[in-house]
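If you want the building blocks of each chain, they are given just below.
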Amino acid sequence: MISRLTVFMLVAITLGLANMATGCGSDSGGDNIVYGTNTSTGTGTTGGGTSINTGKTSTILSFPAWAGGEDSAFSDATSSAGLSNISANRVAWGDYNNDGYPDLLLDGRLLYRNNGDGTFTDVSAVAGLNGAHNGGVWADYNNDGHLDFFGMKGLYNSGTDILYKNNGDGTFSDATAEAGSPCDSYPTEGVGWGDFDRNGFVDIYIANYETSDGSAIGTPDQLFMNTGGVFTDARGSSGIGNVADQCGRGVNCGDYDGDGDLDIYVSNYRLNENFLFNNNGAGNFTERAQQAGVKGYLFEDSYGNTAFGHTIGSDWGDFNSDGHMDLITGNLAHPAYLAFSDVTCIYFNHGSGSGFTDIFSTSGVAYEETHCSPSWGDYNNDGWLDFYITCIYDGRYSFLYKNNGVTPNTFSDVSASKGVRVNNGWGCAWADADRDGDLDLFVCSVSGCKFFLNNGNANSWLGVDLVCTASNRAGIGARVVCAVGDFIQVREVDGGHGTACQNGQTLIFGFGSHAGSVYMEIHWPNGIVQVVGNVTTNQFITITEQ
C-alpha cells in the first residue's frame, strides 16, 4: 500500500512542477490587480512615481543584482534584556505606551515595557493584568490612539475572554461589558483582528478549541463586528457560522486575493479541515478553502471517516516577492499517523484569487514531527521573506529557514549557525525591538522563553510606521508595497498570526545592496490607496493617512 505521505509528495511535486517551470505559478485568470488607483500623497513623500502593477501572472519577476547581499547573525539577549526565567506560550509585540519601542505581551498576562536601552521591565502588576489568560493580541478597538488587547481564556483558564482597554496612563481596564461583550466561555486558542467591513474600527475573529471533556469535539468560533467601539455578535449574519465546529488553534487575517479587504484563515487541530473565509466586501464571508486548495489533504477511510491535519499556527507572507500573499501552515504530524495526517504546508499563491499550490515537498524544508507556529520575516534584509517555526515538546527544537531567493521557492535551514534554536517552543514573533532597522525575535517556551537580538549587516533597509486618520487607528491590516523596478515587496500590519502571536507594528523592508530610493504605496484598511512615491532607504519613515 502506498502511504499517504508518498501520495502527498507525488501530488505536490506534480502540481508544483506543472505550474512552476521557472519556479513560479501560472495565473489561470481573474482581474488584474493594479496598485495606485488613488494618488493622494502622505507625510514623508519625497517624490512621485507610477503605480505598481501585480496583475496578469503570479510570476517570479526578474532578480535584481542587489537582492541578497550580506547575511545576519543573532545574539541571545534574554539575560541582558531582563527576560530570563520566563515561561510563556504566546507573544504579541505592541507599543502600548507610544514611546516608539515595541513592548512585550506574553500570554495576555505578562507585560514587559521596552525601556529603549536594550532592557525590559515587568509592569504586569502596575498595568492591572490579572494573570488568568493564555494569550493576548493588540489592537486599538476604540481608536483613541492607545493599543488595547484581547485576553484569551483557554481550556485550563476559568472565566471568559476579556477585552482590556488601555487607559493611556500605563494601566488597563476590563472594558468587555461596555464594549458589547465580545467574548464567550469557550476555550480560545486563536484571535485575529481586522476591519472586515472597512468602517474604520477593528473587528475580531475568535477561534475556539475543543470541549473540556477530552473528546476532541470542536466548539463554535465567533466573529464580533465593531461599530464605534461597541461590538455585535455577527457569527450568524456574517456566514462564518455556516461551517461545522472544529478545534480551532489559530487565526491570521490577510488580503490573499488582493481585492482590498481582509480575508480570514483559521488553523484547526484534531485532524480537522482548515477554513479560508473569503471576504465578500462588506464583512460577509464565504468559506472556500477547498476551492483555493488550502483546506488540507483529505483522507477518507472505507467507513467514511475523514482526516486532514493537526494545524497549530499559520501565517500569510509574500515569500517570492510577486505581490501576492502566500501561506504557511504549521502541522504537528506524528510518524505513525502520516498516512492520514498532514505535514506542514507551504502554499504558493497564484494570484487574482485563482488558488494555491503546496510546494513543501520541493521547498527544502524538512519534515518535522512537532512543527507548531510559523512566522515570516526578512531577518537579513536581503529582500526575501524567511521564516521561523517552533516545535513543541521537550527535546524538540525550533527552526529558522532562510529564503534562497534566486533559487525560487526554496529555503535553507540556518537554525544552528544563527544560534536561534529553542527547546519546546510554541509561539514566536518578530519586531525591531531596538529600532536599528532589522528584525529581532522572541520565542515562547514553557521551558524558558528566548529573546534574540539581530546583530545586523550592511544591507539597506526601510522602517515604516503608519498613522491612520480614517482607518482603524493602529493600522491593522494596512498593506505597504515597496518596489525597486519590478521587484515587489508586500507587508501587512499584523492583527495576529500563528497561534495568537503578533509581530510589531513597524514594518521592516530589506533591499540588500541597493543604494538608491524605493517606490512606496500604502493600501489603507478603508480601501484607499495612497502613493508615497520614491523614498530613501536606511531610515524610519512615518506615513500619515490622507
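Residues numbered from 1 in each chain as written. Predicted model: local features only at pLDDT ≥ 70, side-chain atom pairs only at ≥ 80, totals over all residues. Heavy atoms only, no water.

Asks: Lay out unusual backbone geometry with the relevant residues and their values.
Replies: In this structure, Y393 takes a positive phi of about 90 degrees despite not being glycine. For Y393, a relative accessible area of 41% corresponds to the partly exposed category. In this structure, A500 is a non-glycine residue whose phi angle is positive, near 60 degrees. Mapped onto the fold, A500 is located in the loop between β33 (487-492) and β34 (507-510). Judged by its relative accessible area of 0%, A500 falls in the buried class. (Buried < 20%, exposed > 50% of the residue type's maximum accessible area, 1.4 Å probe, protein only. Helix = DSSP H or I, 4+ residues; strand = E, 2+ residues; numbered from the N terminus.)

Asks: Requested: an account of the environment of T232, with residues and values cited.
Replies: Along the polypeptide, T232 turns up in strand β13 (residues 230-233). Residue T232 is classed as partly exposed on the basis of its relative accessible area of 48%. Taking C-alpha positions, T232 is 8.2 Å from S181, a pair spaced 51 residues apart along the chain. Not counting the four nearest positions on each side in its chain, T232 is found in contact with L223, F224 and M225. (Contact = heavy atoms within 4.5 Å.)

Asks: Help me get a handle on the packing of aromatic side chains, residues and values and all.
Replies: Enumeration according to the criterion identifies 33 aromatic pairs in this entry. Note on W138 and F149: the rings are 5.5 Å apart at their centroids and 70 degrees apart in plane angle, and the pair reads as edge-to-face. Here F149 lies in strand β7 (residues 148-152) and W138 lies in strand β6 (residues 135-139), a separation of eleven residues in the sequence. Residues W138 and F149 agree in their burial class; the two are buried. Taking the centre distance of 6.0 Å and the plane angle of 40 degrees together, the rings of Y205 and F277 count as tilted. Of this pair, Y205 sits in strand β11 (residues 203-208) while F277 sits in strand β16 (residues 275-279), and the two are 72 residues apart along the sequence. (Phe/Tyr/Trp six-rings, centres within 6.5 Å; stacked < 30°, edge-to-face > 60°.)

Asks: How would you summarise the pattern of salt bridges if you had to cite specific residues and measurements?
Replies: Evaluation of the coordinates by the stated rule reveals 14 salt bridges. Notably, a salt bridge pairs K402 with D71, separated by 3.6 Å at the nearest N-O pair. Note that K402 is positioned in strand β26 (residues 399-403) and D71 in the loop between α1 (4-19) and β1 (74-76), a separation of 331 residues in sequence. Given the relative accessible area of 23%, K402 is considered partly exposed. Residue D71 is classed as partly exposed on the basis of its relative accessible area, which comes to 29%. In this structure, D465 and R435 form a salt bridge, with 3.3 Å as the shortest nitrogen-oxygen distance. You can see D465 sitting in strand β31 (residues 461-467) and its partner R435 sitting in the loop between β28 (425-431) and β29 (440-445), a full 30 residues away along the chain. With a relative accessible area of 18%, D465 lands in the buried category. Salt bridges sharing common partners tie together D71, K402 and K418. (Salt bridge = Lys/Arg side-chain N within 4 Å of Asp/Glu carboxyl O.)

Asks: Can you lay out the pairing of strand β36 (residues 529-535) for me, pointing to particular residues and giving the numbers?
Replies: Most of β36 is tucked away, with six of its seven residues classed as buried. With six bridges joining them, strand β35 (residues 518-523) and β36 adopt antiparallel strand pairing. Paired with Y519 across the two strands is N534, which belongs to β36. Counting the residues between successive antiparallel strands, the hairpin from β35 to β36 contains five residues, one of them, G527, with a positive phi of roughly 100 degrees. (Pairing = 2+ DSSP bridges.)

Asks: Tell me about the sheet that holds strand β20 (residues 310-317), residues and numbers included.
Replies: The strand order across the open sheet built from four strands is β20-β21-β22-β23, with neighbouring strands paired in antiparallel fashion. Since the sheet does not close on itself, it has two edges, and those belong to β20 and β23 (356-358), each with one partner. Across this sheet, the average inter-strand angle for adjacent strands is 20 degrees, counted without regard to direction. Sheet topology note: the strand β21 (residues 326-332)/strand β22 (residues 345-349) ladder contains three bridges and is antiparallel. Across the sheet, the residue bridging to T329 is C345, located in β22. (Axes fitted to C-alpha atoms, helices over the stretch in contact; angles between N-to-C directions.)

Asks: Give a detailed account of the sheet that holds strand β24 (residues 371-377), specifying residues and quantitative values.
Replies: Strand order in this open sheet of four strands is β24-β25-β26-β27, and the pairing throughout is antiparallel. The open sheet terminates on both sides in strands that have one partner only, identified here as β24 and β27 (411-413). Across the sheet, the mean angle from the axis of one strand to that of its neighbour is 25 degrees, orientation sign disregarded. In this structure, β24 lies alongside strand β25 (residues 386-391), joined through five bridges in antiparallel fashion. Residue G377 lies in a different strand from β25, and its bridge partner there is D386.

Asks: Talk me through the pairing of β31; I want residue IDs and the actual numbers.
Replies: For a regular strand, side-chain orientation follows a simple rule: the groups alternate between the two sheet faces. Across the seven residues that make up β31, a large majority, six, are buried. Note that β31 and strand β37 (residues 539-544) share six bridges and pair parallel. Along β37, the bridge assignment pairs G463 with F540.

Asks: Please provide a residue-by-residue account of empty space enclosed by the protein, values included.
Replies: Evaluation of the coordinates by the stated rule reveals three cavities of 30 Å³ or more. The calculated volume of the largest cavity comes to roughly 390 Å³. Along the walls of the largest cavity sit 30 residues, with R491, E492, D494, N503 and L507 positioned nearest its centre. If you list the elements that add at least two residues to the lining of the largest cavity, you get β14 (247-254), β20, β24, β28, β33 and β34. Taken together, the residues of the lining of the largest cavity sort by class into 15 nonpolar, ten polar and five charged. Of the residues that make up the lining of the largest cavity, three or more belong to each of domain 1 (73-457) and domain 2 (462-544). (1 Å grid on protein atoms, 1.4 Å probe; cavity = no way out; pocket = protein on both sides within 12 Å on 5 of 7 lines; lining within 4 Å. Points joined across faces, edges and corners; volume = space filled by probe spheres on them. Nonpolar A, V, L, I, M, F, W, Y, C, P; charged D, E, K, R; others polar. Domains from an automatic or database assignment.)

Asks: Tell me about the layout of surface pockets, residues and numbers included.
Replies: Its volume calculated, the largest pocket comes out at about 530 Å³. D95, N98, D465, L466 and Q505 are the residues nearest the centre of the largest pocket, which is lined by 22 residues in total. If you tally residues by element for the lining of the largest pocket, the top one is β31, at three residues. Classifying every residue of the lining of the largest pocket by side-chain character gives nine nonpolar, seven polar and six charged.

Asks: With reference to specific residues and values, describe the environment of H350.
Replies: With respect to the helices and strands, H350 occurs in the loop between β22 and β23. In this structure H350 comes out as buried when scored by relative accessible area, which is 6%. When the C-alpha atoms of H350 and D326 are compared, they prove to be 8.7 Å apart, with 24 residues separating the residues in sequence. A polar contact is formed between the side chain of H350 and the side chain of T357, at a distance of 2.7 Å. (Polar contact = N/O pair within 3.5 Å; in protein donor to acceptor, adjacent residues only side chain to side chain.)

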